[in-house]
Amino acid sequence: MFLSQVTYIWIDGSSPTQTLRSKVKILPLTQETYAPEDFPQWSFDGSSTYQAVGHDSDLILQPVCIVDDPILGEGNYLALCEVLNPDETPHISNKRRRLVQLMAQGGYAHEPWLGFEQEYTLFSGQQPLGWPDRGYPAPQGPFYCGVGADEVFGRHLVEEHAQACLDAGLMLYGTNAEVMPGQWEFQIGYRGIDSESADPVTVSDHLWLARWLLYRLGEEYDITAKLHPKPVKGDWNGAGKHTNFSTREMRDPKTGMAAINKAIDALEKKHREHIAVYGHELELRLTGKHETAHMSQFIAGVGHRGASVRIPRPVANKGYGYLEDRRPGANANPYEVAAALVETICGVKITQESVSDKVSS
């Protein structure tokens, strides 16, 4: 037995965009301890996180995803948690529970795989990292996937974050500098490793943990990562979270393109519903410019980066694979994005009886 520092991480009740909270519990653990059920529930003051009122503020943290803590090192853990009411039903701010239910009630039968392309902007004080104190840098063009001190800013933090994600066991599969100075992207999700599950719940959990690590490591450099979909007004690309999605039928060479086109038709019919959960102030990004379709329109196309939904050219050439939903904003809750895709593409619904089910890890 040894004493371990376990960082309990949860999503708060901030509106219109939820944010992360965390606190550390010292636990006597064994070397074998790793599953969520090995970690106890813990209460917290919901009145301080926009999740309860002061006269009845105790809420419960239920660990649901455990990874190694790459910052504190061996024997310490990060515990992503769901927020529960005192009767152990899911709190209204707990968006994960709905995705879990959708997957359990038919989602898994379609074997969906997910990948998120999380864009973000690094800020030093009130300015994007690398921007001049007054005015603007050169127009976008040389910065995307650039190299050199005059084109790329914040690589030290980006590389440290990438290594931390890998050390934690998160499904990181890439990083790159984006088109605006100080803007970056990392990708979480399917990466072709047989022992991993790229199901929507697991990938969404990993994205939240990767976000937490980015914020936490930024503290060391006094750099803030922001997920606003239009961090700087003007002739700059916004920040999105392009979402790659496939089902077993879409990946099958015999049924691939037919299933992809069917999925796109379903997404078009539910366009407004998806936009509603794809991030606050999304209208600032989805303007029809800067590699986006206008928020009021639904456009699909092969290799079309100005579309709502893109079929990658290699997928069209092979005739099977996945689609890319380019609409979600960088600040969208991955649980809500994933739930919308599973519900629309897989046709899954939640039965009324399951809504109040008690949460278990």
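Everything that follows concerns the structure shown earlier in this document.
What counts and what doesn't
- Residues numbered from 1 in each chain as written.
- Predicted model: local features only at pLDDT ≥ 70, side-chain atom pairs only at ≥ 80, totals over all residues.
- Heavy atoms only, no water.
- Helix = DSSP H or I, 4+ residues; strand = E, 2+ residues; numbered from the N terminus.
- Expected span 1.5 Å × (residues − 1).
- Buried < 20%, exposed > 50% of the residue type's maximum accessible area, 1.4 Å probe, protein only.
- Arc of directions from axis to C-beta.
- Contact = heavy atoms within 4.5 Å.
- Pairing = 2+ DSSP bridges.
- Axes fitted to C-alpha atoms, helices over the stretch in contact; angles between N-to-C directions.
- Core = buried A, V, L, I, M, F, W, Y, C linked by side-chain atoms within 4.5 Å.

K.L.:
Could you give an account of helix 2 (residues 155-168), naming the residues involved and the relevant values?
P.N.:
An α-helical segment advances 3.6 residues per turn. Residues three or four places apart therefore align on the same side. Here helix 2 contains 14 residues, and its C-alpha end-to-end distance of 20 Å stays within 8% of the 20 Å for a straight helix at 1.5 Å per residue. The complete set of buried residues in helix 2 reads Leu 157, Val 158, His 161, Ala 162, Ala 164, Cys 165 and Ala 168. Summarising the axial view, the buried residues of helix 2 lie within an arc of 165°, below the 170-degree limit, and thus occupy one face. Where the residues of helix 2 are buried, they touch strand 4 (58-68), strand 6 (113-124), strand 8 (172-177), strand 9 (183-189) and helix 3 (200-218). Phi for Gly 169, located one or two positions after helix 2, is positive at around 90°.

K.L.:
Break down the sheet that holds strand 1 (residues 2-11) for me, citing the residues and quoting the values.
P.N.:
A sheet is described by the order of its strands in space; here 5 strands give the open sequence 2-1-5-4-3, paired in mixed fashion. Edge positions in the sheet fall to strand 2 (20-29) and strand 3 (42-45), since each of these pairs with one other strand and no more. Pairs of neighbouring strands in the sheet enclose a mean axial angle of 40°, with direction left out of account. When strand 1 meets strand 5 (residues 77-84), the two strands line up parallel, connected through 4 bridges. Each residue of the ladder has a partner; that of Val 6, found in strand 5, is Tyr 77. Along the sheet, helix 3 makes contact with strand 1, strand 2, strand 4 and strand 5, crossing strand 5 at roughly 120°.

K.L.:
I'd like a description of the environment of Leu 80, backed by residues and values.
P.N.:
Assignment of secondary structure puts Leu 80 in strand 5. For Leu 80, a relative accessible area of 0% gives the class buried. Setting aside anything within four residues of it in sequence, one finds Leu 80 in contact with Ile 9, Ile 11, Gln 62, Pro 63, Val 64, Cys 65, Asp 205, Trp 208, Leu 209 and Tyr 335.

K.L.:
I'd like a description of the environment of Gln 297, backed by residues and values.
P.N.:
Mapped onto the fold, Gln 297 is located in the loop between helix 6 (271-276) and strand 12 (300-302). Overall, Gln 297 belongs to the partly exposed group, its relative accessible area being 42%. Spatially, the C-alpha atoms of Gln 297 and Ser 308 are 7.9 Å apart, while their sequence positions differ by 11 residues. When near neighbours in sequence (up to four residues on either side) are disregarded, Gln 297 contacts His 271 and Ser 308.

K.L.:
Break down the pairing of strand 11 (residues 241-246) for me, with residues and values.
P.N.:
Of all 6 residues in strand 11, 6 are buried; the element is thus mostly enclosed. Residues Lys 241, Thr 243 and Phe 245 point to one face of strand 11 and His 242, Asn 244 and Ser 246 to the other, with burial holding for every one of them. Strand direction decides the pairing type here: strand 6 and strand 11, joined by 6 bridges, are antiparallel. Within strand 11, the position partnered with Leu 114 by the bridge is Phe 245. Where strand 11 and strand 14 (residues 323-325) come together, 3 bridges link them in antiparallel fashion. Paired with Thr 243 across the strands is Asp 325, a residue of strand 14.

K.L.:
Give me the side chain of Thr 243: which residues, what numbers.
P.N.:
Here Thr 243 lies in strand 11. Those residues in contact with Thr 243, other than ones at most four positions away along the chain, are Leu 114, Gly 115, Phe 116, Leu 323, Glu 324, Asp 325, Pro 328, Val 337 and Leu 341.

K.L.:
Residues and numbers for the nonpolar core, please.
P.N.:
Among the nonpolar cores identified, the biggest contains 74 residues, and Tyr 120, Leu 170 and Leu 323 are the most heavily contacted of them. Here the element with the most residues in this core is helix 3; it accounts for 10 residues. Discounting chain neighbours no more than four positions away, the residues touching Leu 323 are Thr 243, Asn 244, Phe 245, Met 250, Ile 260, Ala 263, Ile 264, Leu 267, Val 309, Arg 310 and Ile 345. Judged by nonpolar contacts, the second largest core, of 15 residues, contains Leu 27, Phe 39, Phe 44 and Ile 66.

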